Amino acid sequence: MTLLQKRALYSFIIGLVLTVGVVIAMLSQGDIANFDSDSGQRFLLYLVMVGVPLTYLILMNLTLRKPTQMDERDRRVIERSSRVQWLAVVFTLVAWTIGLTEAYHGQDGVPVAFLNLIFASVLVVSGLAGSLGILFGYGRMD
Amino acid sequence: VGRVGNRIRRLRFDNGEITQEELAKRAGCTRQTIIALEQERYVPSIELAFRIAGAFGVPLEEVFQYEAD
């Protein structure tokens, strides 16, 4: 396993744990319809949006402080993983678009809470897809 | 599409059994890349190919060969 793969594995595990934690915290807050009236729910979401990336960065720096030696093969894998990330983000947005259109078509609009959820989900998917892209990107390259 | 083969493992043996780590250090890449090259799971850039040949002190074609289909 290369240093880059190890880093991606740690990143994936930390990202997954944080995501599960966030989902549990959100579900415990109840119905999304309360988002407009419940300032506590809104505050929690803002906290998550700032806190999760910060926690992620701190944990990554604490676990992987050593500089990673990278060569051309690693850089090629990173390029590949960014394509995986891009595709994952596009499909996430497509899923949100279709889902929200089907759920709210014919109405004035969608609850504003979804703006935050779309942003948070894209952030999560992008991070996880990037890690997976690196983990599986070292296949045959010729 | 052809296939790029190499004699890195053989050349390491012929050069006093230098380690993959040592060769990686000389060629400026990681040991994992040397492993991938020896297993022919990776085809290097022309620059890295020259650096590996230089590490052995031999011409490029003594290390890498191209076989057309």
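This structure is a prediction, so every number in the text was calculated from the model and none was measured. Here the residue index of a chain counts from 1 through its sequence in written order. Here every chain gets a letter starting at A, and every ligand a number starting at 1, in the order they are written. Only residues with pLDDT of at least 70 get local features here, since the model is predicted, and only at 80 or more are side-chain atom pairs given and counted; chain-wide, interface and lining totals rely on the full set of residues. With hydrogens and water excluded, all non-hydrogen atoms of the structure serve as input to the side-chain values.

Caption draft 1: Region of interest: the packing of aromatic side chains. The pairing test for Phe, Tyr and Trp rings, Trp by its six-membered ring, is centres within 6.5 Å, and the orientation test on the planes gives stacked under 30 degrees, edge-to-face over 60, and tilted for anything in between. What the rule picks out here adds up to 2 aromatic pairs over all chains. Here Trp 96 of chain A and Phe 114 of chain A contribute two aromatic rings whose centre-to-centre distance is 5.8 Å and whose plane-to-plane angle is 65°, an arrangement assigned as edge-to-face. Residue Trp 96 of chain A is located in helix α3 (residues 72–104), and its partner Phe 114 of chain A is located in helix α4 (residues 113–135); the two are separated by 18 residues in the primary sequence. When a residue's accessible area, from a 1.4 Å probe over protein chains only, is under 20% of the maximum for its type it is buried; when over 50% it is exposed; and in between it is partly exposed. Among the residues examined, Trp 96 of chain A registers a relative accessible area of 22% and is labelled partly exposed. One cation-aromatic arrangement involves Arg 73 of chain A over Tyr 42 of chain B; the distance from NZ or CZ to the ring centre is 5.9 Å. Going along the chain from the N terminus, every DSSP run of H or I of four or more residues is numbered as a helix, and every run of E of two or more is numbered as a strand. Think of it as a cone above the ring: NZ of Lys or CZ of Arg counts as a charge over the ring if it is within 6 Å of the ring centre and within 35 degrees of the ring normal.

Caption draft 2: Spatial organisation of the confidence of the model for chain B. Put simply, chain B has an average pLDDT of 93, and 100% of its residues get 70 or more. Predicted as a complex, the structure gets a pTM of 0.75 and an ipTM equal to 0.82. pLDDT is a residue-level measure of predictor confidence that goes from 0 to 100.

Caption draft 3: Layout of the packing of α3 of chain A against α4 of chain A. Residues and elements named next belong to chain A. It is at 8 Å that the axes of α3 and α4 come closest, and there the two elements cross at 150°. Compared by their axis directions, α3 and α4 come out roughly antiparallel. Crossing angle aside, the handedness with which α3 passes α4 is right-handed. In contact with Val 77, Ser 81, Val 84, Gln 85, Ala 88, Val 89, Thr 92, Leu 93, Trp 96, Leu 100 and Tyr 104 of α3, α4 contributes Phe 114, Leu 117, Ile 118, Ser 121, Val 122, Val 125, Ser 126, Gly 127, Ala 129, Gly 130, Gly 133 and Ile 134. Asp, Glu, Lys and Arg are counted as charged, while Ala, Val, Leu, Ile, Met, Phe, Trp, Tyr, Cys and Pro are counted as nonpolar; the rest, among them Gly, fall into the polar class. The class makeup of the residues in the contact of α3 with α4 is 15 nonpolar, 8 polar and no charged. For helices, the fitted axis covers only the stretch in contact; all axes are lines through C-alpha atoms, and the angles between them, taken along N-to-C directions, range from 0 to 180 degrees. Here roughly perpendicular refers to angles of 65 to 115 degrees, roughly parallel to angles under 35, roughly antiparallel to angles over 145, and oblique to all remaining angles. Take the far helix as your reference; a near helix turned counterclockwise from it by less than a right angle gives a left-handed crossing, and one turned clockwise gives a right-handed crossing. The criterion used for residue contact is that any of the two residues' heavy atoms lie within 4.5 Å.

Caption draft 4: Region of interest: the interface of chain B and chain A. Each partner contributes to the interface: chain B provides 12 residues, whereas chain A provides 13 residues. A carboxyl oxygen of Asp or Glu within 4 Å of a side-chain nitrogen of Lys or Arg is what we treat as a salt bridge. Inspection of the region where chain B meets chain A yields 0 salt bridges. Of all the elements, helix α3 (residues 31–38) of chain B adds the most residues to the side of chain B that touches chain A, at 3 residues. Its residues placed into classes, the side of chain B that touches chain A shows 6 nonpolar, 4 polar and 2 charged.

Caption draft 5: The arrangement of the side chain of Ser 81 of chain A in detail. Position of Ser 81 of chain A relative to the elements: it lies in helix α3. The contacts of Ser 81 of chain A, once residues within four sequence positions are left out, are Gly 130, Gly 133 and Ile 134 of chain A.

Caption draft 6: Structural view of the nonpolar core. In this description, a nonpolar core means a group of buried Ala, Val, Leu, Ile, Met, Phe, Trp, Tyr and Cys residues linked to one another through side-chain atoms lying within 4.5 Å. Of all hydrophobic cores here, the largest spans 19 residues; its most connected members are Ile 8, Leu 23, Ile 34, Ile 52, Phe 56 and Val 63 of chain B. Of all the secondary structure elements, the ones that give two or more residues to this core are α1 (8–14), α2 (20–27), α3 and α4 (46–56) of chain B. Here this core takes 6 residues from α4 of chain B, the largest share from any one element. Non-local contacts of Leu 23 of chain B, meaning those with residues more than four positions away in its chain, are made with Ile 8, Arg 12, Ile 18, Ile 34, Ala 55 and Phe 56 of chain B. Judged by nonpolar contacts, the second largest core, of 6 residues, contains Ala 8, Val 77, Ile 134 and Tyr 138 of chain A.

Caption draft 7: Main features of the packing of α2 of chain B against α4 of chain B. Residues and elements named next belong to chain B. It is at 8 Å that the axes of α2 and α4 come closest, and there the two elements cross at 115°. Considering how the two elements wind past one another, α2 and α4 form a crossing that is right-handed. Of the residues in α4, those in contact with Leu 23, Arg 26 and Ala 27 of α2 are Leu 48, Arg 51, Ile 52, Ala 55 and Phe 56. The residue inventory of the contact of α2 with α4, partitioned by class, reads 6 nonpolar, no polar and 2 charged.

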